[in-house]
Amino acid sequence: MRLAKRLAVTALNRIGRYVAPAYIAGDRVEDAMRVCARLQARGWGVTVCPWDDETDPHHEMARRYAEALVALRRAGGDGYLSVKAPSFGYDRALLADLVAIAEEDGRRIHFDSMYPQSAQPTLDLVRAAAGIYPHLGCTLPARWPRSLQDVAAVAGAVETVRVVKGQWADPVHPDTGVEDRYEAIVRALAGRVPRVAVASHDPPLVARCLDILAASDSACELELLYGLPRGVARLAAERGVPVRMYVPYGVAYLPYALNDLRRRPRILAWIARDMAVRALGLRR
Ligand SMILES: Cc1cc2nc3c(=O)[nH]c(=O)nc-3n(C[C@H](O)[C@H](O)[C@H](O)COP(=O)(O)OP(=O)(O)OC[C@H]3O[C@@H](n4cnc5c(N)ncnc54)[C@H](O)[C@@H]3O)c2cc1C
């Protein structure tokens, strides 16, 4: 049994190493900015995030975030920086340094959501940052029931809330009703925050959420992950909603991608389908 598990993990590692380059912009900020330039030329917005493997020192990750902010400024446009608060140890002094760079051109700093234990410290940091900088965003994952309560906590603190299904399960509650909760979170945010980003590749869910937001006072965007199928962007175009691409870069993306593969082996089928479509030269 142990041998079977080891063989499965080895196979997933091999597959991951083969497919990962299709899902990241590259190792360096220059790679990400090249991808962003292509996307911006097509009229799409961007957000970039250097990914780490949690062994990188906090000050080194803060340096890479600062480097990305400067690159976004040089590129022009409204591209924003996505950060992972655990990667810089929730350190308020390091965040203040980033804010000092971002405020030179009013660029958005957005907090990704990470594993469940990081939810409260990230939220505390976001609310503290709201006291020194107005152009903030944060992410609410629909897999966690707490996200519905967190709507009240983030409303008034951030300009933009990104809603995702979430990479991590709730540690206590069963993993059910995610799409319904996603929609409920969007309804709760509609009209309460200036902008809601619907971040999903799930067409029926995206259509429902964009329609909810169109009937509210909140602006909305569709956000997609670089490398995943883009067909869902059609739903945004039909509704006149802007599309933004999340462009991750950095050598450490792989372990994160592999976690996803282990949790949901059906991703392998999606990857095979995407690779076939790419090989045939068909755009998704
Ligand atoms: C812009 C953006 C930002 C995100 N930020 C965060 C974050 O901060 N924290 C966090 O926990 N999660 C984040 N996520 C990931 C998110 O939580 C989901 O894991 C991911 O988006 C897949 O969920 P889905 O809503 O697209 O629906 P799914 O039901 O998972 O997928 C819908 C469809 O998309 C396609 N698809 C999905 N995944 C793949 C794949 N790997 N390969 C090929 N096709 C695929 C398939 O056609 C599938 O049917 C983000 C996602 C996006 C798009």
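Throughout what follows, the structure given in this document is the object of discussion.

About the thresholds
Residues numbered from 1 in each chain as written. Predicted model: local features only at pLDDT ≥ 70, side-chain atom pairs only at ≥ 80, totals over all residues. Heavy atoms only, no water. Helix = DSSP H or I, 4+ residues; strand = E, 2+ residues; numbered from the N terminus. Buried < 20%, exposed > 50% of the residue type's maximum accessible area, 1.4 Å probe, protein only. Contact = heavy atoms within 4.5 Å. Areas by Shrake-Rupley, 256 points an atom, 1.4 Å probe, with all protein chains shown as cover. Near = heavy atom within 4 Å. Polar contact = N/O pair within 3.5 Å; in protein donor to acceptor, adjacent residues only side chain to side chain. Right-handed = clockwise from strand over helix to strand, strands pointing away. Pairing = 2+ DSSP bridges. Axes fitted to C-alpha atoms, helices over the stretch in contact; angles between N-to-C directions. Salt bridge = Lys/Arg side-chain N within 4 Å of Asp/Glu carboxyl O.

Quick notes on the overall build of the chain
Check the secondary structure of the chain and you find 11 helices and 8 strands. Here the chain holds 284 residues, and the buried ones make up 51% of them. A fraction of 72% describes how many contacts in the chain between residues 6 or more apart in sequence connect residues 24 or more apart. A total accessible area of about 13400 Å² is found for the chain, and carbon and sulfur atoms account for 56% of it.

Some thoughts on the site of the ligand
If you check the shell around the ligand, you find 25 residues, and the closest are Lys165, Gly166, Gln167, Ser200 and His201. One nitrogen or oxygen atom from the side chain of Arg162 is found 3.3 Å from a nitrogen atom belonging to the ligand. At a separation of 2.8 Å, an oxygen atom of the ligand approaches a polar backbone atom of His201. In isolation the ligand offers 930 Å² of accessible surface; the protein chains occlude 90% of this area.

Points about the pairing of strand S7 (residues 219-225)
Counted residue by residue, S7 has 5 buried out of 7 residues, so it is predominantly covered. Where the polypeptide runs from strand S6 (residues 195-199) across helix H8 (residues 203-214) and back to S7, its parallel neighbour, the crossover connection is right-handed.

A word on the sheet that holds strand S4 (residues 136-141)
Reading around the circumference, S1-S2-S3-S4-S5-S6-S7-S8 is the order of the 8 strands in this closed barrel, with parallel pairing throughout. With direction set aside, neighbouring strand axes in the sheet form an average angle of 25°. Pairing geometry for strand S1 (residues 45-50) and strand S2 (residues 80-83), over 2 bridges, is parallel. Residue pairing for S2: Val48 is matched across the bridge by Leu81. Sitting on the sheet, H8 is in contact with S6 and S7, with an inclination near 170° to S6.

Regarding unusual backbone geometry
In the Ramachandran plot, Tyr90 falls in the positive-phi region, its phi being about 55° despite a non-glycine side chain. As for its placement among the helices and strands, Tyr90 is situated in the loop between S2 and helix H4 (92-102).

Some remarks on the pairing of strand S5 (residues 160-164)
In terms of residue burial, S5 counts as a mostly covered element, since 5 of its 5 residues are buried. Judged by which residues are buried, S5 turns out to be covered on both faces: Thr160, Arg162 and Val164 on one side and Val161 and Val163 on the other are all buried. Where S4 meets S5, 5 bridges bridge the pair, whose relative direction is parallel. Opposite Thr139, over in S5, you have Arg162 as the bridge partner. In this view, the connection linking S5 to its parallel neighbour S6 by way of helix H7 (residues 178-189) has right-handed handedness.

Looking at the pattern of salt bridges
Any two side chains of opposite charge can pair if their charged atoms end up close together. A full pass over the atoms with the stated rule returns 23 salt bridges. Glu223 is the partner of Arg162 in a salt bridge, and the nearest nitrogen-oxygen pair spans 2.8 Å. Pair noted here: Arg162 is in strand S5 and Glu223 is in strand S7, with a separation of 61 residues, a long-range link. For the pair Arg162 and Glu223, a shared accessibility class is recorded, and that class is buried. The salt bridge involving Asp202 is made with Lys165; its shortest N-O contact spans 2.9 Å. Here Asp202 is found in the loop between S6 and H8, whereas its partner Lys165 is found in the loop between S5 and H7, with 37 residues between them in sequence.

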